[in-house]
Structures are given as C-alpha cells and as structure tokens.
Amino acid sequence: MMDDDVETGNMGMGMGLYADRPRTFPDMRTKPYAPLVFRILMGINVRVLLILLLLSFGAIFYIGASTSPIIVFVFSVCIISFLFSIYLTKWVLAKDEGPPEMAQISYAIRDGAEGFFRTQYGTISKMAFLLALMILCIYLFRDTTPQQESSGIGRTASAYITVLAFLLGALCSGIAGYVGMWVSVRANVRVSSAARRSAREALQIAVRAGGFSAIVVVGMAVIGVSILYAAFYVWLRVNSPGSMKVTDLPLLLVGYGFGASFVALFAQLGGGIYTKAADVGADLVGKVEQGIPEDDPRNPAVIADLVGDNVGDCAARGADLFESIAAEIISAMILGGTMAQRCKIEDPSGFILFPLVVHSFDLVISSVGILSITSTRDSGLKCPIEDPMKTLQKGYSVTVVLAVLTFGVSTRWMLYTEQAPSAWLNFGLCGLVGIITAYIFVWITKYYTDYKHGPVRALALASSTGHGTNIIAGVSLGLESTALPVLAISISIISAFWLGHSSGLVDESGNPTGGLFGTAVATMGMLSTAAYVLTMDMFGPIADNAGGIVEMSQQPEGVREITDVLDAVGNTTKATTKGFAIGSAALASFLLFSAYMDEVAAFAHTPFKEVDIAIPEVFIGGLLGSMLIFLFSGWACSAVGRTAQEVVNEVRRQFIERPGIMDYKQKPDYGRCVGIVASASLREMIKPGALAIISPVVVGFIFRVLGHYGGHPLLGAKVVAAMLMFATVSGILMALFLNTAGGAWDNAKKYIETGALGGKGSDCHKAAVTGDTVGDPFKDTAGPSLHVLIKMLATITLVMAPVFLQSN
C-alpha cells in the first residue's frame, strides 16, 4: 500500500518503480456533506416525498394555468429537462471509478470542495440577509411609481415583493453553484477511469456530466423567473379592474436578478481566489523550483489546486451563467412590456413571455447537442487521439442549427401582431444576428486561445527568449484580442436595433418603438444556446481534474496523454465561454441600462431619455465607473497574489522540513495548503465584493444630496447612469483582455508540454509557466468576476433607483 511505502521509504526514486507498486492515496475522507435542504429531503419517506412533489407540481401548474398557457408550456419543458438531467446523472454515475487509488484521490477532492462550499456559501448567505434588510428599509421609506399607486401596491407590499425576489434569486444562484460542483467532483474520477480505455469515452462522460449541470442551471433560471412571474400575477390579480397591468409586472422581478448577481459575484471572487492561489503556488514551487510535473503527488498544494477547479470553475461558473440568463430574461421582459404598452398591443403577454419560451427551446436543442456526442469503438489507447475540439464543435453546430429553427418558430408564435404583421420576421432576424454573434465570439476566442492557431504559437515562441518576452507577448495578445469582439458587439447592437426599429411597431404618435426590443431579441439569440455553451465550459475543469487524478495515481503515460489533450481543449472551451459570457453581458447591460432610465422616469414623474456627459458631475460619474473596474480588477488580482505567497511559503517549508517528499519517503501535508487557501479566499473576497456593491449606492446618494442643494433633482440618477455606462464599456474591454491573455498563456504552456520548443522542463517551458501564473488570476478570478460585476451594477441601480432621487 502507498501509505506504508511512503512511511517506510520502500518506494523507489523513479516514477517507474513507483508505478509498478500497488498503491492507494492517503485517505483524507471525512463525513460526507450535503446541504440542509438535501438532508431534509433524503430523510423523508420516499412515498411521502413523491406525494409532496406531485402536490408541488400540481400547485405550480395550477398557478401557471391561471396565468397563461405559455407558462404551462415553459413549466412542462423545464420539468422534462430536469428528468433528462437525472438520466444524465445516472448514466455518468453508473461508470466505474477505476482502481482504489483513483477513488481515494477523488474523495479527497470532494471533501475539500464541499467543505469550502459550505463555509463560503454560509458567509455569502449572511451577507445576503443583511443586504435584504437594507433593501427592505429603503423600500419602506421610498416613493412609489404611478403604476404601483394606481394598482394599489403600497410601499410595504413593494418592499416585501422586492426582498422576496432578491432572496429567491440568491437561493437559486447558490443551488446552481452547488449543482455545478456536485457533478464535477463525482465525474472527474470516472473520466480518469474511462481515459484508461478510450479517449472518446472519457470525452463523452465529461460532456454529459457538464450537460447535467448546464441543463439544471438554465432550467432553474427559467422556471424560477416563471414561478415568480406567475405567483405575482395570481397574487396581485394582474389585469383585473383597479389592479396592476401585466406590462408593469416584470419590474417586480428585478430583485431576483440582483439576488442572483450578488451570490454569483462572491462565488466567482471566492472560488477564483481559491483556485488560482493554489494553482500559482503549486506551479511556482513544483514546476519551476523543483522541476516536478503538474499534479505530481509530491506537491503539497496539488489537492488544493484540484479542489480549486471545482469551486472556482464549476460552482462559480454555474452561478455566473445562472445570473446571466436571469438578468437577460428579466431585462427583455421589462422592455417587451414597455414596448407593448407604448404600441397599445391588445395582448402583450407574447412580448413579455418570449424570453422564457426561447430558453425553454434552448433546453431542448442543447439536450440534442449533448446527446449528439457519442462514444465509438476505435478510440482506444493505441489509436490516434481524435481532436476533442472538433467533436465539441460538431455538437455546437447541431445546437446552433436547431437554435435558428426554433427561434423562427418562437418569434412567429409569440411576436405576431395584427398591428405589424411582418414584425415577427424582423425580430426573428434580430435573433439570427444574436446567434451569429455568439458563433463569431466562440470562433474569435478559439482563434486567440487555441494552440492550433498562430497567436498562441507566437506566444510560445516568445517564451524561448525568456520570461520577459513571454509576458510582453501575452499582454500584447490580450490587448489586440479586444478589437474583433468589440466590432462584433457593435455591429450586432446596431443591426438588431435597426431591424427592430423598422419592424413597423409604432406608438400613438407614430414613432417607431421596436429598436430596443430588437436588441433584447438579439441578446436572447446570443444566449439561445447557453445550455450547450455551459456544457462545454463545465467540460474544462472536469477534464483538468481527471488529468490531476491520473497523474497522482501514476497511470501509464498513454492515459495522461489522453487527459492532457482533453485538458488543453478544456482550457479553450473555458475561454470561449468567457468570451460568450462577456458578449452577452454587454448586450444585457445595454438592456438593463435602458430599463434603469425608464424606471427613473417613472419614479421622478419626468422624462429621462439621455445623459449629458458635458455636465461636470456626470463626467465625474463616468470616470468613477471606469476607475471602479480597474480598482476591482487590481484588488482581485492582488488577493490571488497575497494568497499565492502564503501557499508558496508553505510548499517551500514542507520541501525543506520534509526532504523525503521528493523521493516518496515522506508524505506532504495536503490539508495544510487546503486550509490556507480556503481561509484566505474567504477573507480576500470581501473587499472587492463590497466595493462593487457599495460604490454605486454611495456615489448616487452623494450626488443626490449635491443636486438637492444645487437645484438639480435628477443629478444623482444622471451621475449613476454615467457611472454605469462607463463601467460597462471599461468592464467589457478589461474582461476581454484578461480572459484572452490568461487563456493564451495557459495554452502556450500546454503547447510546449506537447514536446514543442524543448518540451517539459526546458527553459522555454519555465518561461511559459511564469506567463501562465501571471495569467491565472486574469482568466479565472478578475476576468470572470467582471462579467458578473457589469450586470450586478445594472441590477443594483435598478433596485436602488429610489435612493438616487429626491423624495416628493
């Protein structure tokens, strides 16, 4: 057994002797953890649980039927999708875990990930309840809109509705994160085991495990908004005489998006700091100083690194994509309701519920895309390894083709109106613009981050002349990579706005009103394949973990080659998802900004159509918004740096105090590194997160007071609008730079590790490792957190708009 051999020093110096011995990983398993909700459900009798589920479904469908047949359709698709995700789970979990040493490594990773998740989300939940109390107090003392006054919704009802939506959004975002982590820590070892037999089988398991998480995350975002909408519709007796109009209902859902953004921001920050601090510490000492391979069992930080893949890439990305979809759905529903009201459309429900239908079809077509990736008989170890990226791209192409067809069906079904019979066709073309934009984004990111293309190979070549030239080349690549995505976003927004503007929908004065809604439809088109894109993203960390388990359990070199190929592709898919996320964030933020201006106009009882940056205070607001992005990114990266320093010092200490580690005579203390990164990441995530939440509220309130004394009642709202606008623009560019540069540095290192330019251990490789460590906090901490920050700024300004305005 490995434990005995390590303690007695019977293990040989070389890898070959080690690999020839039966071995197990030191058993670090503790009591399995499951959240309280799951423990309560598992403790209920199966029959009782089944009855409760049937009653719940009955209540949900009753509320849906009382609202609209469209809601019933959405509920049905979501529930079928959840059943499909259960099938995927059973299929993945039915696969074997491989030899005992693999299973025990997986248990150690699982324990570390679940332990950190429990602590992290405990901290986040306390902050969420505190913020909910603040929102409640603000709403109890704020003015109401004319629409709310006419429908009889007072301050108290409005306050409790917003807080309820906020807490539900936070809860669902947390569950989305847990689902992402739960499947990854169980699928990793099964992918490792499958890699001993077939590259294609390993790929299929990783994709289906990622697909489970993606279907649940998207399904929860859709059904969560649908239940909230239907419940408010029935409770408030919408469209009854003297009650709220259906076109005003979507504004009550804004709290849901804010709750989702709040949890996603801290999940991304905490998870990103954890995973990259461990990764940087493990690489700098292990690879550069000690010259041992990645994920080598002699590295004391290796378990912390593997745990980080799950809490940073899986749990955090699940919460991130959940928040993206929720924010996009709500903003599109608000704009659809506003446009329908201005155009006096007789039945506006189609324009309001259109986003829910689009994402329901997303669940169906992405499921088909996931199932299109199947195992083959001839992908064994002795056969050439098929490029996994081509396989994933085929699945994505299938999903895109189906997305175009279903989007056309959705627009004809939901957006046809007698007032403008051809408007649905224009909006269908807007969706096509969004789908094409998503495909272009995926291609651009792949071009700049995949080592099959010129930019990454040029970056790898720059490593041959030293560490400095590697850094210079990586920074310049990241800066250059912002150009094409920005051009794509710009063309997309203009094209969609023009198509919507010319749709034939006009207000009472004859002015075209469909432009903004056309942009909303393009955003929906871009996210119409979100479930499959999230599947590709989840594939990355699962493959990365699988490679770590293979390395630690000392499997044959051929197995490691398979997992290395999957890992390199996973880096590219993670980068493409980040590009996809920032593109959709840009479009969604544009929609939320428009919704913010409409809400300010409603509260202020005066038109609010434009923001003049020639006003000094407004220009200062813009500067503060850009500054916020740079300060936030700096704090996020420095948090990784400080935590990584602790890890580096600890790993060095262990190698000095336990010299037998290098020849397997002594065991590393893995738990010590896990503890360091867990405690440090929880501590470090508070400052940048608080900055993001407090800044817009403080700035808006200060300029509201200045406006009061200067005779400018809308000054606070205008300054916050400029802050939001500039922060969105700066955030998009910064996130593109950070994500692409980090992904390119990582894959330049992977390219050299394939044997190019001297291969592993060469000076070129050491320079590439330095670039990779610089890029780690870029691509996995600061960059992804900016996606969430941009949308959270938009949702927080929507929720807190009354703070920026004078009381009547």
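Fair warning: this is a prediction, and the values are worked out from it, not measured in the lab.

Engineer: Would you mind showing me how to read the overall build of the protein chain here?
Structural biologist: Across its full length, the protein chain carries 25 helices and zero strands. Expected size for 808 residues packed as a compact globule is a radius of gyration near 28 Å; at 26 Å, the protein chain falls within 12% of this value. Looking at the protein chain alone, contacts between residues at least 24 apart form 84% of all its contacts between residues at least 6 apart. A total accessible area of about 27900 Å² is found for the protein chain, and carbon and sulfur atoms account for 65% of it. The averaged location of the 62 negative side-chain charges in the protein chain is 4 Å from the averaged location of its 56 positive side-chain charges.

Engineer: Help me out: how do you make sense of helix α16 (residues 467–480) in this one?
Structural biologist: The end-to-end C-alpha distance of α16 is 20 Å, a good match for the 20 Å that 14 residues give at a rise of 1.5 Å each. Those residues of α16 not exposed but buried are Asn470, Ala473, Gly474, Leu477 and Gly478. All buried residues of α16 lie within an arc of 130 degrees about the axis, which places them on one face of the element. Counted as exposed and oriented over 90 degrees from the buried face of α16: Ile472 and Leu479. Those residues of α16 that are buried lie in contact with α14 (423–449), α15 (454–462), α24 (715–753) and α25 (763–799).

Engineer: Please clarify how unusual backbone geometry should be interpreted in this entry.
Structural biologist: Trans peptide bonds make up most of the peptide bonds, and negative phi angles are found at most residues other than glycine. A positive phi angle is found at Gln554, which is not glycine, with a value near 55 degrees. Along the chain, the position of Gln554 falls in the loop between α19 (530–552) and α20 (557–604). Positive phi, normally seen in glycine, also occurs at Leu757, with a value near 55 degrees. Tracing the chain through its elements places Leu757 in the loop between α24 and α25. On the accessibility criterion, Leu757 (36% relative accessible area) is partly exposed.

Engineer: Before we go on, may I ask you to explain the state of the cysteines in this structure?
Structural biologist: Note on terminology: disulfide describes a covalent bond linking the sulfur atoms of two cysteines. Following the criterion strictly, the structure yields zero disulfides and no others. Cys172 provides the cysteine sulfur closest to Cys78, a residue in no disulfide bond, and the two sulfurs are 12 Å apart.

Engineer: I keep staring at empty space enclosed by the protein and nothing clicks. Help me out?
Structural biologist: Space left empty within the atom packing is revealed by a probe, the size of a water molecule, rolled over the atoms. Within this structure, the stated rule accounts for nine cavities of 30 Å³ or more. Looking at the largest cavity, its volume works out to about 100 Å³. Lining the largest cavity are 16 residues, with Lys276, Asp279, Glu294, Asp544 and Asp746 positioned closest to its centre. Of all the secondary-structure elements, those providing two or more residues to the lining of the largest cavity are α10 (254–289), α11 (302–342), α20, α24 and α25. Residue composition of the lining of the largest cavity, by class: no nonpolar, one polar and 15 charged.

Engineer: What is the right way to look at the environment of Leu628 in this model?
Structural biologist: Inspection of the secondary structure assignment puts Leu628 in helix α21 (residues 616–657). When the C-alpha atoms of Leu628 and Leu459 are compared, they prove to be 30 Å apart, with 169 residues separating the residues in sequence. In contact with Leu628, not counting residues within four places along its chain, are Leu691, Ala692, Ser695, Met723 and Leu793.

Engineer: In this structure, what is going on with the pattern of salt bridges? I would like to understand it.
Structural biologist: Oppositely charged side chains may form a pair once their charged atoms are brought near each other. Per the stated rule, a full pass over the model turns up 26 salt bridges. Between Arg560 and Glu551 there is a salt bridge; the shortest N-O distance is 3.8 Å. Glu551 shares its class with Arg560; the two are buried. Here Glu657 ties to Arg653 by a salt bridge, and the two come within 2.6 Å at their closest N and O atoms. Note that Glu657 and Arg653 are positioned in helix α21 at a spacing of four residues, about one turn of the helix.

Engineer: Whenever I open this one, the packing of aromatic side chains confuses me. Can you help?
Structural biologist: Both the distance between ring centres and the angle between the ring planes are used here to describe each pair of aromatic rings. Considering all chains together, one arrives at 23 aromatic pairs under this definition. Measuring from centroid to centroid gives 5.7 Å for Trp443 and Tyr447, while their planes differ by 10 degrees, and the two rings are stacked. One end of the pair is Trp443 and the other is Tyr447, both in helix α14 and four residues apart, which spans about a single turn. Residues Tyr451 and Tyr751 carry aromatic rings whose centres are separated by 5.6 Å and whose planes lie at 40 degrees to one another, so their mutual orientation is tilted. With Tyr451 in the loop between α14 and α15 and Tyr751 in helix α24, this pair connects stretches of sequence that are 300 residues apart. Ring pairs connect the aromatic residues Phe166, Phe258, Phe262 and Phe266, which therefore count as one cluster. Residue placement shows Arg412 over the ring face of Trp424; its charged tip is 5.7 Å from the ring centre. The side chain of Lys687 reaches across the aromatic face of Trp635, ending 4.4 Å from its centre.

Engineer: Please clarify how the packing of helix α9 (residues 199–235) against helix α12 (residues 349–371) should be interpreted in this entry.
Structural biologist: For any two helices packed against each other, one specifies the crossing angle of their axes together with the interaxial distance. Orientation of α9 relative to α12, taken along the N-to-C sense of each, is 165 degrees, at an axis distance of 10 Å. Compared by their axis directions, α9 and α12 come out roughly antiparallel. The handedness of the crossing between α9 and α12 is left-handed. Between α9, through Val207, Arg208, Gly211, Ile215, Val218, Gly219, Val222, Val225, Ser226 and Tyr229, and α12, the contact on the second element is made entirely by Ile352, Leu353, Leu356, His359, Ser360, Asp362, Leu363, Ser367, Ile370 and Leu371. Residue composition of the contact of α9 with α12, by class: twelve nonpolar, six polar and two charged.

Engineer: What should I look at first to understand helix α22 (residues 670–684) in this one?
Structural biologist: Because each turn of an α-helix spans 3.6 residues, side chains separated by three or four positions end up pointing in the same direction. The end-to-end C-alpha distance of α22, which contains 15 residues, comes to 21 Å, matching closely the 21 Å that a straight helix rising 1.5 Å per residue would cover. Within α22, the full set of buried residues consists of Tyr670, Cys673, Val674, Ile676, Val677, Ala678, Ala680, Ser681, Leu682 and Glu684. Buried positions along α22 lie against α6 (100–140), α10, α11, α19, α21 and α23 (686–710).

Engineer: Please clarify how the side chain of His787 should be interpreted in this entry.
Structural biologist: Within the secondary structure, His787 sits in helix α25. A polar side-chain atom of His787 sits 2.9 Å from a polar atom in the side chain of Asn739. Those residues in contact with His787 that lie beyond four places of it in its chain are Asp320, Lys578, Ala581, Ile582, Ala585, Ala735 and Asn739.

Engineer: It is not clear to me how the confidence of the model for the protein chain should be interpreted in this structure. Could you clarify?
Structural biologist: The predicted coordinates should not be examined in detail at positions where pLDDT is low. Looking at the protein chain, pLDDT values average 82 and 91% of them are 70 or higher. The least confident element of the protein chain is helix α1 (residues 2–8), whose mean pLDDT is 32; the most confident is α16, at 93. Within the model, pLDDT remains below 50 along residues 377–383, and this stretch shows 13 contacts once partners closer than five positions in the same chain are excluded.

Reading the values: the criteria
Residues numbered from 1 in each chain as written. Predicted model: local features only at pLDDT ≥ 70, side-chain atom pairs only at ≥ 80, totals over all residues. Heavy atoms only, no water. Helix = DSSP H or I, 4+ residues; strand = E, 2+ residues; numbered from the N terminus. Rg over C-alpha atoms; globule rule 2.2 N^0.38 Å. Contact = heavy atoms within 4.5 Å. Areas by Shrake-Rupley, 256 points an atom, 1.4 Å probe, with all protein chains shown as cover. Lys, Arg positive; Asp, Glu negative; His and termini not counted. Charge placed at Lys NZ, Arg CZ, Asp CG, Glu CD. Expected span 1.5 Å × (residues − 1). Buried < 20%, exposed > 50% of the residue type's maximum accessible area, 1.4 Å probe, protein only. Arc of directions from axis to C-beta. Disulfide = S-S within 2.5 Å. 1 Å grid on protein atoms, 1.4 Å probe; cavity = no way out; pocket = protein on both sides within 12 Å on 5 of 7 lines; lining within 4 Å. Points joined across faces, edges and corners; volume = space filled by probe spheres on them. Nonpolar A, V, L, I, M, F, W, Y, C, P; charged D, E, K, R; others polar. Salt bridge = Lys/Arg side-chain N within 4 Å of Asp/Glu carboxyl O. Phe/Tyr/Trp six-rings, centres within 6.5 Å; stacked < 30°, edge-to-face > 60°. Lys NZ or Arg CZ within 6 Å of the ring centre and 35° of its normal. Axes fitted to C-alpha atoms, helices over the stretch in contact; angles between N-to-C directions. Parallel < 35°, antiparallel > 145°, perpendicular 65-115°, else oblique. Left-handed = near helix turned anticlockwise from the far one by under 90°. Polar contact = N/O pair within 3.5 Å; in protein donor to acceptor, adjacent residues only side chain to side chain. pLDDT = per-residue confidence, 0-100.

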